[in-house]
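Next come the chains, spelled out residue by residue.
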Amino acid sequence: MSGPRNGPNRLQPYLRNRLCDRVRTGTRHAVDGFHIVGGETLRGTVRISGAKNAALPILCASLLADGEHVFRNVPQLRDVDTTIALLRHLGQQVAREGSVVRVRGQPARSVEAPYELVKQMRASVLVLGPLVGRYGEARVSLPGGCAIGARPIDQHLAGLQAMGAEVRLEHGYVHVRVPGGRLRGADFRCQIPTVTGTENLMCAAALAAGRSTIANAAREPEVEELARVLNKMGARIEGAGTDTITVHGVEALHPVDHAIIADRIEAGTFMVAAAVTGGDVLLEGVTFDHLEAVAERMRAAGVAIEREGSGVRVVGRPPYRPTDVVTEPYPGFPTDMQAQFMVLMCRARGRSAITETIFENRFMHVPELCRMGACIEIRGKTAWVSGESRLQGAEVMATDLRASASLVLAGLFAEGETVIRRVYHIDRGYERIEHKLAALGARIARVEGRA
Ligand code: EPU
């Protein structure tokens, strides 16, 4: 969709109101929205970008070694921008050209991740492990809760304490110090297989004295990818991708040149986009093995999914069969695909149970989907979806990254126009989603407020 539809004159009344808000508040985000006209069938090829949740810990891990790092296939996202801002704050020189990020690592001029950056992105906590591992000290603003739940970091801290660090909480910051300056290898068992916690502990242990083991470790592909990068930097890490990781500490690491794996959640989101629109889409550059759980549930629902060369072809023929999912740590069904799968189940005939076990508050898309005509009832940790629903376009509000993605998916097959507000959530984790969808035939445009 282009041309006059995008023009300020065609803005819906609410957007005009938001424009006034913008004038009052001076913020750009207040007025950005996606405008979608549903009902188009998606067809064609889409290239999947690098994985956000691999890029963030890998960029932070560059703090472990001085010299010229080159990271390729880095997605252009707001969370990556925040991470780059954080690295610069810590004294690193960072240059970005398209999907290539060059970090000239040098001794940090600060070991503090300030509230200003952590509040924008809780993954800022990923500098904790590298800073403590390298400098024996870090001060990181506590992230606090977020839209999807409380999300404490107690396991990150307990693991560092097991390696000899002292932890103090002061003025909203966690201050971690290692008497003597160098962590000692230790055996630590995570109470929960935390993804960023495992990543922080691997980075910290990489430069510790002696051997560490992390039991009940997260097995996500992004953890394995970080271990791959650390090993290229000279670390000695074994077992990443299993639930027990062994790290033999080394004296020093060196810079690395690395291309980041594809984003399995972006891929899963486009798979659902193809399915809900009854489309035929080839996803390029994906690692199919990372998508097994999602593909298995989508196939159970009746979506045709085939590997094709280094890609995956998804052919949708709604209506689908009702299909239950339970979110679990990898290799189970990812919590980051729960909201999107729920939209797929709106196109299934019958009742599906979608159970969220990772985060306590991750059904915020449900009231918005119901406003579009979905029939979803939440009971405890389970959302019961009764379909098939004919969704209708509506003005809806994005609340967090994946919830926002689900609203975009709903808008693609809803009758009429959907306007999604607060799309800055989507920009945190999806690279140019509106361009990629439009190239497949969707009628979607970003409506930016102009004063
Ligand atoms: N938890 C604790 N204590 C801890 C750490 C975690 O109780 O010390 C709990 C959390 O509250 C949550 C569960 O353990 O209930 C799992 O949280 P985890 O630590 O694994 O999540 P995370 O590392 O903060 C990463 C991703 C999330 C993704 C989750 C689960 C990154 C930067 N973020 O978060 O991604 O949902 O793992 O797979 O890797 C997203 O991309 O939209 C996103 C939220």
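Analysis parameters
- Residues numbered from 1 in each chain as written.
- Predicted model: local features only at pLDDT ≥ 70, side-chain atom pairs only at ≥ 80, totals over all residues.
- Heavy atoms only, no water.
- Helix = DSSP H or I, 4+ residues; strand = E, 2+ residues; numbered from the N terminus.
- Rg over C-alpha atoms; globule rule 2.2 N^0.38 Å.
- Contact = heavy atoms within 4.5 Å.
- Areas by Shrake-Rupley, 256 points an atom, 1.4 Å probe, with all protein chains shown as cover.
- Axes fitted to C-alpha atoms, helices over the stretch in contact; angles between N-to-C directions.
- Parallel < 35°, antiparallel > 145°, perpendicular 65-115°, else oblique.
- Nonpolar A, V, L, I, M, F, W, Y, C, P; charged D, E, K, R; others polar.
- Disulfide = S-S within 2.5 Å.
- Near = heavy atom within 4 Å.
- Polar contact = N/O pair within 3.5 Å; in protein donor to acceptor, adjacent residues only side chain to side chain.
- Pairing = 2+ DSSP bridges.
- Core = buried A, V, L, I, M, F, W, Y, C linked by side-chain atoms within 4.5 Å.
- Buried < 20%, exposed > 50% of the residue type's maximum accessible area, 1.4 Å probe, protein only.

(A) Spotlight on the overall build of the chain. Counting its regular elements, the chain contains 15 helices and 24 strands. Taken over C-alpha atoms, the radius of gyration comes to 22 Å for the chain, in line with the 22 Å a tight globule of 451 residues would show. Dimensions of the chain, computed from the C-alpha atoms along their principal axes, are close to 65 × 50 × 40 Å. Within the chain, contacts between residues separated by at least 24 positions form 73% of all contacts whose residues are at least 6 apart in sequence. Accessible surface, the chain as shown: approximately 17,400 Å² in total, 47% of it carbon and sulfur.

(B) Just the packing of helix H9 (residues 264-276) against helix H11 (residues 338-345), in detail. Where H9 meets H11, the closest approach of the two axes is 10 Å, and the angle between their N-to-C directions is 10 degrees. One finds that H9 runs roughly parallel with respect to H11. Counting all contacts with H9, which are made through Ile265, Thr269, Val272, Ala275 and Val276, the residues of H11 involved are Gln340, Val343 and Leu344. Residues of the contact of H9 with H11, tallied by class, amount to six nonpolar, two polar and no charged.

(C) Spotlight on the state of the cysteines. Under the defined criterion, the tally for this structure stands at zero disulfides. Distance from the sulfur of Cys190, which forms no disulfide, to the nearest cysteine sulfur (Cys203) is 14 Å.

(D) Inspection of the site of the ligand at higher detail. For the ligand, the set of nearby residues contains 21 residues, the closest of which are Gln155, Thr194, Thr196, Asp336 and Ile358. One of the backbone N or O atoms of Pro152 is found 3.4 Å from an oxygen atom in the ligand. Here Arg402 contributes a side-chain N or O atom positioned 2.8 Å from an oxygen atom of the ligand. A total of 830 Å² of accessible area belongs to the ligand in isolation, and the protein chains cover 89% of it. Within the residue set of the shell around the ligand, elements represented by two or more residues are helix H2 (52-61), helix H6 (154-162), helix H7 (195-206) and helix H13 (401-413).

(E) Region of the structure containing the pairing of strand E4 (residues 93-97). Where E4 meets strand E5 (residues 100-105), five bridges bridge the pair, whose relative direction is antiparallel. Looking at the pairing, Arg96 lines up with Val101 of E5. The antiparallel hairpin formed by E4 and E5 contains two residues in its connecting segment, where Gly98 sits at a positive phi of about 60 degrees.

(F) Spatial organisation of the packing of H2 against helix H3 (residues 78-89). Remark: H2 packs on H3, axes separated minimally by 10 Å, with the N-to-C direction vectors making an angle of 5 degrees. Relative to H3, the element H2 is oriented roughly parallel. Residues Lys52, Leu56, Leu59 and Cys60 of H2 form the contact with H3, whose participating residues are Asp79, Val80, Thr83 and Leu87.

(G) Layout of the nonpolar core. Formed by 73 residues in total, the largest nonpolar core has its most connected members in Leu160 and Leu230. Among the elements that make up this core, the one with the highest residue count is H2 (seven residues). Not counting residues within four places of it along the chain, the set of residues in contact with Leu160 comprises Leu128, Val132, Ala165, Val176, Leu183, Leu201 and Ala204. Ala273, Phe341, Val396 and Leu437 belong to the second-largest nonpolar core, a separate cluster that totals 70 residues.

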